[in-house]
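# Close look at the chain arrangement
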Amino acid sequence: MPQRLKFGAFVAPMHKPGINPTLAMRQDLQLMDQMDQLGYDEAWIGEHHSAGTEIIASPEIFIAAAAERTKHIRFGTGVTSIAYHNPLWVADRMVQLDHMTRGRVMLGVGPGSLPTDSAMIGLNPTDTRELLSENLEIIVRLLRGETVNAQTKTHKLIDAKLQLRPYSEQLEIAVAAVASPTGPRLAGTYGLGLLSIGATLNADGFDALAHHWNVATERANHFGQTVDRSKWRLVSMFHLAETEKQAREEVRYGIEFWFRYFQEVAAFPQMAVSGDTIDQMIDFVTEAKVGVIGTAAQARAHIQRLVDQSGGFGSMLMMMHNWASPADTYQSLEIMARDVMPHFQGHAQMTLDAAERARKVRDGHAAEQMKAVEHMTKKYEAELRGKK
């Protein structure tokens, strides 16, 4: 297990159709600023083009704006659907963004989750998965400074070469994975990071965690690469409050819309959520262990379960879902930062140990303090007597 578990967010984002999109994007940017101030490590921003809910078309543009508003938090494309793009331009745009942010960006790649996106450019889900592998190889080679000649189903590259090297010593790339071994296989083949988006979305995703890392390690060994657990990110869902009852009440604000989106709109069967009433939806999250609607203690137990199942990973990403109001969402983020993050970053135990050490010797030190007060009182009284 990496010594310091990082924390961040996976932001699709999720917004109810019909609301003001300008305001929604502004609130997403405010979320980035809030997370930066609360000490979160990273945020990954999605790319989608249809279905009216996940409304950021270019994570790169969003990241450029967010980076200007923040100081420390790092940003990843979560993910760039590289099957939709010329791989040369994907690499070129990320290098530009790497310079503009002074190395605070990461490239997350995947095939694209919404078939309604790829259908508009004449691609089916099989096409996008085949192109993922082909385009990723091209992008990796370009970022290494190679000249690439290649023909894919959608693009032809002739003596393609980047005109800039990245600002970072090595621009970090992570491959998305749900339940199949495709993501970890590619991560291992090229020595990249892994984004386990399906870590808790369904039983298959959870059960596959240890297997995923074994696949990544096996492929890395085969191709002479190395994979690092600190570059492995797991995604799960949280809404925290001071009590479980309060948390359950707060998510009534938006959880029904989120469930209906995956049940009725998005053709994304990996998100197989169930529940007809709001209470059933809330119960599903807890009973199926796809996330936590509850307290900091419940969140700590959930994360520890993921640590144990996976064998250790580098970052815990919260899937941002807009189940609660912006104000309650901020409070949830604050509770996570205050009462959960320190438990997995080595800070909580240090202060607990310091308090326990002080508790054990308190009586003795308190007695010494009283002796010191008595001594100084007598000394002062003696000084007064000496003046007479």
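The structure contained in this document is the topic of the report that follows. (Residues numbered from 1 in each chain as written. Predicted model: local features only at pLDDT ≥ 70, side-chain atom pairs only at ≥ 80, totals over all residues. Heavy atoms only, no water.)

### What about the pattern of salt bridges?
Definition in use: Salt-bridge detection follows one rule: a side-chain nitrogen of Lys or Arg within 4 Å of a carboxyl oxygen of Asp or Glu. Labels follow the DSSP assignment, with helices taken as runs of H or I lasting at least four residues and strands as runs of E lasting at least two, numbered in each case from the N terminus. Buried residues are those whose accessible area, probed at 1.4 Å on protein chains only, stays under 20% of the maximum for their type, while exposed residues exceed 50% and partly exposed ones sit between those limits.
Under the counting rule described, the total for this entry stands at 18 salt bridges. Of the charged contacts in the structure, one is a salt bridge between glutamate 172 and arginine 233, with a shortest N-O distance of 2.8 Å. Placement of the pair is glutamate 172 in the loop between strand E6 (156-160) and strand E7 (173-177) and arginine 233 in strand E9 (residues 232-240), with a sequence separation of 61 residues. Judged by its relative accessible area of 1%, arginine 233 falls in the buried class. Between arginine 219 and glutamate 218 there is a salt bridge, and its shortest N-O distance comes to 2.8 Å. Among the ionic contacts, a cluster of salt bridges with common partners joins Glu42, Arg74, Glu172, Lys231 and Arg233.

### Things to note about the environment of serine 118
Inclusion rule: Only heavy atoms enter the contact rule, under which two residues are in contact if any of them lie within 4.5 Å.
Of note, serine 118 is situated in helix H4 (residues 115-118). Each C-alpha atom, one on serine 118 and one on serine 50, is 9.4 Å from the other, the two residues being 68 residues apart in sequence. Excluding residues within four positions of it along the chain, serine 118 makes contact with Tyr84, Leu123, Asn124 and Thr128.

### Side note on the packing of aromatic side chains
We apply this condition: Think of it this way: a Phe, Tyr or Trp ring, Trp meaning its six-membered ring, pairs with another when their centres are within 6.5 Å, and the plane angle makes it stacked under 30 degrees, edge-to-face over 60, tilted otherwise.
Applying the stated criterion across every chain yields a total of eight aromatic pairs. Ring plane angle 65 degrees and centroid distance 4.9 Å describe the contact between tryptophan 258 and phenylalanine 262, whose orientation is recorded as edge-to-face. Of the two residues, tryptophan 258 and phenylalanine 262 both sit in helix H10 (residues 255-265), four residues apart, roughly one turn of that helix. Among the residues examined, phenylalanine 262 registers a relative accessible area of 10% and is labelled buried.

### Description of the side chain of threonine 80
Here is the rule we go by: Between N or O atoms, a polar contact is any pair within 3.5 Å; within protein, one atom must be a potential hydrogen donor and the other a potential acceptor, and residues adjacent in sequence are included only when both atoms are from side chains.
Structurally, threonine 80 is set in strand E3 (residues 74-81). In this structure the side chain of threonine 80 is engaged in a polar contact, spanning 3.0 Å, whose partner is the side chain of threonine 77. Setting aside residues up to four positions removed in sequence, threonine 80 forms contacts with Glu47, Pro59, Glu60, His85, Val90, Leu107, Gly108, Val109 and Gly110.

### As for the packing of helix H6 (residues 182-190) against helix H8 (residues 209-222)
Let me state the cut-off plainly: Note on definitions: angles span 0 to 180 degrees between N-to-C directions of axes, and those axes are lines fitted to C-alpha atoms, for helices only across the stretch in contact. Angular relationships are summarised with four words: roughly parallel below 35 degrees, roughly antiparallel beyond 145, roughly perpendicular across 65 to 115, and oblique for the angles in between. Crossing handedness follows the turn of the near helix against the far one: under a right angle anticlockwise gives a left-handed crossing, and clockwise gives a right-handed one. Amino acids are sorted into nonpolar (Ala, Val, Leu, Ile, Met, Phe, Trp, Tyr, Cys and Pro), charged (Asp, Glu, Lys and Arg) and polar (every other residue, Gly among them).
With their axes 7 Å apart at the nearest point, H6 and H8 run at an angle of 30 degrees to one another. Classified by the angle between their axes, H6 and H8 sit roughly parallel to one another. Crossing of H6 over H8 shows right-handed handedness. Contact residues: H6 offers Pro184, Arg185, Gly188 and Thr189, while H8 offers His212, Val215, Ala216, Arg219 and Ala220. The residue makeup of the contact of H6 with H8, split by class, is four nonpolar, three polar and two charged.

### Here's the deal with helix H3 (residues 87-100)
Threshold: Given a helix with a known number of residues, its expected span is that number minus one, times 1.5 Å.
Relative to the 20 Å expected for 14 residues at 1.5 Å per residue, H3 spans 20 Å between its end C-alpha atoms, a close match to the ideal helical length. Restricting attention to buried positions, one finds in H3 the residues Pro87, Leu88, Val90, Ala91, Met94, Val95, Leu97 and Asp98. On its buried face, H3 sits against helix H2 (59-69), E3, strand E4 (105-110), helix H5 (125-143) and E6. The backbone nitrogen of leucine 88 has a side-chain oxygen 2.9 Å away, supplied by the residue at the start of H3, namely asparagine 86.

### Examining unusual backbone geometry
A cis amide bond links alanine 12 to the next residue, proline 13, at an omega of -5 degrees. Mapped onto the secondary structure, proline 13 falls in the loop between strand E1 (6-11) and helix H1 (21-38). Of note, the amide linkage connecting glycine 78 to valine 79 takes the cis form, showing an omega dihedral of 0 degrees. In this structure, valine 79 sits in strand E3. For asparagine 322, which is not glycine, the phi torsion reads 55 degrees and is therefore positive. With respect to the element layout, asparagine 322 can be found in the loop between strand E11 (315-320) and helix H13 (326-340). Residue asparagine 322 is classed as partly exposed on the basis of its relative accessible area, which comes to 33%.

### Details of the environment of leucine 123
Looking at the secondary structure, you find leucine 123 in the loop between H4 and H5. On the basis of relative accessible area, leucine 123 is assigned to the buried category, the value being 8%. Excluding residues within four positions of it along the chain, leucine 123 makes contact with Ala83, Ser118, Thr128, Leu131, Lys153 and Thr154.

### Some words on the nonpolar core
Operational definition: Take the buried residues of types Ala, Val, Leu, Ile, Met, Phe, Trp, Tyr and Cys, join any two whose side-chain atoms come within 4.5 Å, and each joined set is a nonpolar core.
Phe7, Met32, Tyr40 and Leu136 are the most contacted members of the largest nonpolar core, which has 73 residues in total. Looking at this core element by element, the count peaks at seven residues for H5. In terms of nonpolar packing, the next biggest core, distinct from the first, is built from 36 residues, Met106, Leu201, Trp258 and Val285 among them.

### Observations regarding the packing of H1 against H2
In the contact formed by H1 and H2, the axes pass within 9 Å of each other and the chain directions differ by 45 degrees. With respect to H2, the axis of H1 lies oblique. By crossing handedness, the relation of H1 to H2 is classed as right-handed. Contacts between H1 and H2 pair Met25, Arg26, Asp28, Leu29, Met32 and Asp33 from the former with Phe62, Ala65, Ala66 and Arg69 from the latter. Among the residues making up the contact of H1 with H2, the classes are represented as six nonpolar, no polar and four charged.

### Quick word on the environment of methionine 120
With respect to the helices and strands, the residue methionine 120 is situated in the loop between H4 and H5. With relative accessibility at 57%, the residue methionine 120 sits in the exposed group. For the pair methionine 120 and proline 181, spaced 61 residues apart in sequence, the C-alpha separation works out to 27 Å. Setting aside residues up to four positions removed in sequence, methionine 120 forms contacts with His49 and Ser50.

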